[in-house]
Number of protein chains: 4
Amino acid sequence: MKKLNIGLVGYGFMGRAHSHAFRTVSKFFDAAYEPVLKAVCARDASKVKDFAAQWGWESVETDWKTLVKRKDVDLIDIASPNDTHAEIAIAAAKNGKMVFCEKPLGLNAAESEKIVKAVEKAGVPNMVWYNYRRLPAVTLAKQLVDEGKLGRIFHYRAKFLQDWTISKDLPQGGAGLWRLDVKVAGSGVTGDLLAHCIDTAMWLNGDIESVTGMTETFVKQRKHALTGKVEKVGIDDASAFLARFKNGSLATFESTRYARGHKALYTFEINGEHGSIAWDLENLHLLQYFDHRDEGATRGWRSIHITDSDHPYMKHWWVPGLQIGYEHSFIHQVADFLQGLETGKIPGPSFRDGLATDYVTDAVLSSAKSGKWVKVKQA
Amino acid sequence: MKKLNIGLVGYGFMGRAHSHAFRTVSKFFDAAYEPVLKAVCARDASKVKDFAAQWGWESVETDWKTLVKRKDVDLIDIASPNDTHAEIAIAAAKNGKMVFCEKPLGLNAAESEKIVKAVEKAGVPNMVWYNYRRLPAVTLAKQLVDEGKLGRIFHYRAKFLQDWTISKDLPQGGAGLWRLDVKVAGSGVTGDLLAHCIDTAMWLNGDIESVTGMTETFVKQRKHALTGKVEKVGIDDASAFLARFKNGSLATFESTRYARGHKALYTFEINGEHGSIAWDLENLHLLQYFDHRDEGATRGWRSIHITDSDHPYMKHWWVPGLQIGYEHSFIHQVADFLQGLETGKIPGPSFRDGLATDYVTDAVLSSAKSGKWVKVKQA
Amino acid sequence: MKKLNIGLVGYGFMGRAHSHAFRTVSKFFDAAYEPVLKAVCARDASKVKDFAAQWGWESVETDWKTLVKRKDVDLIDIASPNDTHAEIAIAAAKNGKMVFCEKPLGLNAAESEKIVKAVEKAGVPNMVWYNYRRLPAVTLAKQLVDEGKLGRIFHYRAKFLQDWTISKDLPQGGAGLWRLDVKVAGSGVTGDLLAHCIDTAMWLNGDIESVTGMTETFVKQRKHALTGKVEKVGIDDASAFLARFKNGSLATFESTRYARGHKALYTFEINGEHGSIAWDLENLHLLQYFDHRDEGATRGWRSIHITDSDHPYMKHWWVPGLQIGYEHSFIHQVADFLQGLETGKIPGPSFRDGLATDYVTDAVLSSAKSGKWVKVKQA
Amino acid sequence: MKKLNIGLVGYGFMGRAHSHAFRTVSKFFDAAYEPVLKAVCARDASKVKDFAAQWGWESVETDWKTLVKRKDVDLIDIASPNDTHAEIAIAAAKNGKMVFCEKPLGLNAAESEKIVKAVEKAGVPNMVWYNYRRLPAVTLAKQLVDEGKLGRIFHYRAKFLQDWTISKDLPQGGAGLWRLDVKVAGSGVTGDLLAHCIDTAMWLNGDIESVTGMTETFVKQRKHALTGKVEKVGIDDASAFLARFKNGSLATFESTRYARGHKALYTFEINGEHGSIAWDLENLHLLQYFDHRDEGATRGWRSIHITDSDHPYMKHWWVPGLQIGYEHSFIHQVADFLQGLETGKIPGPSFRDGLATDYVTDAVLSSAKSGKWVKVKQA
């Protein structure tokens, strides 16, 4: 089996998820390539060594500039905070490395455009970690839409609800909290949560043409974890928008970290002429499907338990009825990429797909300021 | 329109439900006969007058023996406690009245045999109020089974869970509490709750051949509401049994008033070769249906919202999506009876059907004593 | 008991629901007043006679102008199409009658202003039939919000989804279809469905300050049922908007008749600092409630089965666990009104409350045209 | 870190699940010991080599008798069919190895007694793979019961429903189908599915005193996959029983492979004086909890999303809202065992616990034959 040497940047939540995916994929999926945990990179030498030891990374680096030049590394995987993505991705591409990058691609679309330009110029395979596409229920939704099961689409609605930043005492910035620091994150829930909703939406339902949005920052000031000072909060705590898709369908999108009782309630629903589909991340193993062509008296929403061998990815796991979890989406993304290497057809979401999402989030933020509908730039 | 003069005995919970059904049915259902609230009977003259005034009963009686002889009464409806059923029903039949009777028919099968003999000898139309058959979801279940949608049946399971008698301070006997007094009720949950489960089960799945049961009285002594004395509790607080149906399917049944968190959770599920059906009374407007012949990847339990015009009884009510409630089952039973008067084909559950259920409850109670399987007598 | 003589205009879907409420309320609720079904009015003499006979209306009229002058009528109840509301309501008020009116109040806010002026000038009791406020689960939601159980409110979201007009072959206008005729209905889903969402929202969460909306007509032309000609469709098939409430919370609203699989899925959710509430009309007997102050490990969304005697209105009905249905909301509205007559404190929603909702729907329609945020006029 | 050298027997469904657990546990859990995949054993030399290569087992054996004697192996993990458990486990114990064994322990209680005797005589740590105890929701249920949250227990009910053997064309015996061969499996669903239900039940609710059971074989003959001949089916396709626990509570248990629409629906519910708990394997990340001490009007079943850091095991995984899957239960069992090695307190389920379950399944099978209640032998 051919080896694919990985160089990972970052060891946070996503660093763990990616490490697990790289070291596990070949146990459950057959592919011509096998990922090798070659090197992990982070600034704190002691912590990165511990992380490497725990996860089996063969070596460590403390400067990503060294990492991206290493001959024994084929692919750079960026799992560090958003404000580091562009520089690392561009450098990796220039060094001819394949590149994976956590979402959102850049701090904004302008940055993302540069990243896309770099990878496309270098001609290197690239993927952005919009991992939810590869939860089996979501992949099945894609298949059903593509097969025309829903007919003409009228409506799309999505929301991503969390409740972890309601407390005013939560500081902004610093380890585990950089998502609250606008300089590091770029935006609040728009880039963090809505971006997921938008990526799935365009994958399932095509391009978004125009949007009108609204954002809010409920807690206006927070202590900064690094400076210790109370500073103005720059991120959006909540963000919602109306949209029109190119196919004529209407949409509503919403995300917030102030929806008490929801931890990671990403939901979407799509209504078509012949049927509808609904899904939520807090029950990721189920897909709700309504087929109007079923006989009248027994027509109803079907709750499909996505654990059968005829469901996407599931024949690689256990037996019918037994759930998989969140982390499996990362494994599936790697599995598909490895297969793409073999076939020469790298699957999405590419960096260009990531840019398309950034165009939408930029338009939402811009509309939220202007109060007007904004036409979305197409990637 | 022809009039059907009703004489009601009892003004408790069931007296209200029946009164509502009789006075409402003709507003929503067309029939050749219209019920007239002719007379209501109870021992307390003052209370029965108030009840008659509130509900529009034309006259009152304080002795059912007078009521059953009234020339201007066509049908005697028995909604008084269980220990009164036999005597009233037999007298009504002898006087040539049609008879409705609350369930269970008698205090035990021996009593019920006499009642059945009386109505069949008199040749008078009769129905027992196993009203749950006529919730639209349950009627639809019956249709699906009869159409063969499930194929060969392997399993039936039912339970009826409540939690209202857990407190040791609850007295036994007296108004509203006669269900705890074995002399008045005949048995505890077996006759009260299991009887409902059994009636539906045999309607859907045919005769029960044999059972093995278990009962328990968790609170052994209670103050009697009428005598004021602490007395031994004679009823069963919980009752469960295993059963074999004539068609070869296996079943489990359970009922209790000690299942914390459940108010009236009557549920049944039936599993066949090609499909399955599940229902529960606490969401009485839904039917769960699984059709194995659906395409593999989109196969799932269908949650059918039983509010469409192609669902049983529903075209008589509102518009799709809008629920009806518990009391509508009584209205439906009257509507079907009125139609039966017209066609000459009185629908079930007849008193003989009620006797069949009593044979099963008797067998369960007998088995619970002997610890052995008991063959069920067939009605 | 005092009599309250009702004169009803209209015998369609709402005419039936109101008739049932008037004739049933006194059976389940005690009040100093009892509604009398005095007269029903509609243009078709034959049909209105049949309706009166079926429901027990004492007399009929074919001209509402006669009805509103009848000395033996205390209250005019308007259940005819939207384009008739203003004229009838104003005339009724001028004749000193109490007035009930189906929603939306007028074809638009300008009309509604005139109606409000008339009833307030006449000083007559008035209510608009936003009946969903009086489903017990919704009333309980109101109580919880008013008790401060949720703390500061961050988010409100509501939608009302149906699917009954997807077919292009459905004609517009005529009996049962006037809701598709803009001249009769005033608007499409905005006035029909969103209006319900807005009424509940402002009742629960206070005034709406500003909105930005979007509407769509998916089927552009339909045969008109009365003229037989294919005509341009004037109503909105779908309508969505973003909103900001006076209390600082953000909201999303959506309604459509193109959401396959949903018959009457009116849902709302409200997220506060300490807790959240969610409800949907297709399971109207349940309320979902999350209390963040519950102990961490056992914290979860509570599914409250709204059938206990300590739930609003429920002690008047059956026993715990047994559902009521859609029509009970009308009965509750009448019951509350009768009690209001006794106490002299007429409960809402008043016509002024109805006007407040019309100001919002007007703003939504205006914003959908201009593409801009619109400030909502306050009633 | 100290090494714990594992020798695995079997490479089927369970061989994969165990391999994954051993190689993954140290990534997510800190412990003094780290499992080493030392050797895997199976009769087919070629297949076992492939399996070892895929999963990273350092060496292979084709005779378990060699494996159990290897000096470099500390722990024998038995994941081969049921008829091999006893011999291997006893030999492993005699060689002083720690032993893990898939459930059920032996083909019957008589065999299991010998196994227990062997490990207890040898004094070696041992665990049986009743892995469902270690799904976080189930572990939380145990904590709530132990804290007395439910008060006195009245009822326990469990079922395990599958539908994979309904087809008459399915052969018995052979790879992947040995569970249908009574000689290899010992029994049908009783040992396979009910055993899981019983283990959890006794863990949560204490010892079972007596049972009355019923079994059925719906498909009486099947082709044997190895002999090619149509042979009588010896296993039970369905098995149900009533039980009484030592604490006075009543129970119903059922398992079947003929419940259309259910893949792995293991459910249990426990009703106590103050509260109730319900759970099902097809939504393994949820626990339903009812607390009667909640305030009346807002009392309801809580749906607890078991993904928070204050839920058992979950702080080792992702962030709140993100599910884990089936295989994590195996990882947790290994994690607890490793911690037990450190503290010297090996956690259950021990082989003796496994024997206790076998006493119950033996009693159920015996009762199903005799038709009588059977007293359960205590382990």
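Chains are numbered independently. Their residues run from 1 in the order of the written sequence. Whichever chain is written first becomes A and whichever ligand is written first becomes 1, with later ones labelled in order. Residues qualify for local features only when their pLDDT is at least 70, as the model is predicted, and side-chain atom pairs are given and counted only at 80 or more; totals for whole chains, interfaces and linings, by contrast, use all residues. Where side-chain values are given, they derive from all heavy atoms of the structure, hydrogens and water being excluded.

*Asks:* For the relation of the copies chain C and chain A, give the residues involved together with the corresponding values.
*Replies:* Our superposition of the copies is a least-squares fit, built on the C-alpha atoms of residues whose pLDDT is at least 70 in both. Taken as rigid bodies, chain C and chain A are interconverted by a rotation of 180° and an axial shift of 0.0 Å, the fit giving an RMSD of 0.0 Å. With respect to symmetry, the two chain copies, as superposed, fit the operation of a two-fold axis. When C-alpha positions in chain C are compared against the rotation axis, the closest is assigned to Lys372(C), at 2.8 Å. Contact between two residues is taken to exist if any of their heavy atoms lie within 4.5 Å; hydrogens are not considered. Take the interface residues of chain C: 100% of them recur as interface residues in chain A, which is what a same-surface contact looks like.

*Asks:* Run through helix H5 (residues 109–122) of chain B, naming residues and quoting values.
*Replies:* All names here are of chain B. Only DSSP runs of H or I reaching four residues or more are called helices, and only runs of E reaching two or more are called strands; each is numbered from the N terminus. Multiplying one less than the number of residues by 1.5 Å gives the expected span of a helix. For H5, which comprises 14 residues, the first-to-last C-alpha distance of 20 Å matches the rise-based estimate of 20 Å (1.5 Å per residue) to within 8%. Against the buried residues of H5 lie helix H4 (85–94), strand S5 (98–101), strand S6 (126–128) and helix H10 (351–370). Contacts described as polar in this section are N or O atom pairs within 3.5 Å, which, within protein, must combine one atom able to donate a hydrogen with one able to accept it, while residues neighboring in sequence count only if both atoms come from side chains. Sitting at the head of H5, asparagine 108 places a side-chain oxygen 3.2 Å from the backbone nitrogen of alanine 110. In the segment just after H5, glycine 123 is the residue with positive phi, at about 65°.

*Asks:* A description of the state of the cysteines should follow, citing residues and the corresponding values.
*Replies:* In this description, a disulfide is simply a cysteine sulfur pair whose atoms lie within 2.5 Å. Per the counting criterion, the structure on display carries zero disulfides over all chains. Cys41(A) provides the cysteine sulfur closest to Cys101(A), a residue in no disulfide bond, and the two sulfurs are 14 Å apart. For the exposure calls, accessible area comes from a 1.4 Å probe over protein chains only, and a residue counts as buried if that area is under 20% of its type's maximum, exposed if over 50%, partly exposed in between. In this structure Cys101(A) comes out as buried when scored by relative accessible area, which is 0%. Here Cys197(B) is not disulfide-linked; the sulfur of Cys101(B) is the nearest cysteine sulfur, at 19 Å.

*Asks:* Can you explain the interface of chain C and chain A? Please cite residues and give values.
*Replies:* In this complex, chain C contributes 43 residues to the contact, which on the side of chain A involves 43 residues. The term buried area means the drop in 1.4 Å probe accessible area that two parts suffer when joined, counted for both and summed. Surface buried jointly by chain C and chain A totals about 3,600 Å² across both partners, of which 58% is contributed by carbon and sulfur atoms. In terms of surface lost to chain A, no three residues of chain C exceed Met214(C), Phe218(C) and Arg260(C), which account for 20% of the buried area on that side. Throughout this description, the term salt bridge denotes a Lys or Arg side-chain nitrogen within 4 Å of a carboxyl oxygen of Asp or Glu. Linking chain C to chain A there are four salt bridges. Two residues, Glu254(A) and Arg157(C), come together in a salt bridge whose shortest N-O distance is 2.7 Å. Taken together, the connections running from chain C to chain A amount to 20 residue pairs in polar contact (both at pLDDT 80 or more). By residue number, the principal contributor to the side of chain C that touches chain A is strand S11 (residues 238–245) of chain C, which donates six residues. For the side of chain C that touches chain A, the per-class residue count stands at 17 nonpolar, 16 polar and ten charged. Gly counts as polar in this scheme, as do all residues outside two lists: the nonpolar Ala, Val, Leu, Ile, Met, Phe, Trp, Tyr, Cys and Pro, and the charged Asp, Glu, Lys and Arg.

*Asks:* Outline the relation of the copies chain D and chain A, supporting the account with residue identities and numerical values.
*Replies:* Relative to chain A, chain D is turned by 180° and slid 0.0 Å along the rotation axis, the superposed coordinates differing by an RMSD of 0.0 Å. Most of the interface of chain D is mirrored in chain A, where 100% of its interface residues again form contacts.

*Asks:* Let's hear about the pattern of salt bridges: which residues, and what values?
*Replies:* This structure, assessed with the given rule, holds 96 salt bridges over all chains. Between Lys149(C) and Glu295(D) there is a salt bridge, with the nearest N and O atoms lying 3.3 Å from each other. Within this pair, whereas Lys149(C) is found in the loop between helix H6 (136–146) and strand S7 (153–161), its partner Glu295(D) is found in the loop between strand S15 (286–291) and strand S16 (301–305), the two belonging to separate chains. On the basis of relative accessibility, which here comes to 16%, the residue Lys149(C) falls in the buried class. Close ionic contact of Asp146(D) with Lys142(D) constitutes a salt bridge, the shortest N to O distance being 3.4 Å. Highlighted residues: Asp146(D) and Lys142(D), both in helix H6 (residues 136–146), separated by four residues, approximately one helical turn. Relative accessible area serves as the criterion here: at 52%, Asp146(D) is assigned to the exposed category. In this structure, a network of salt bridges that share partners links the residues Lys103(A), Arg179(A), Asp192(A) and Arg257(A).

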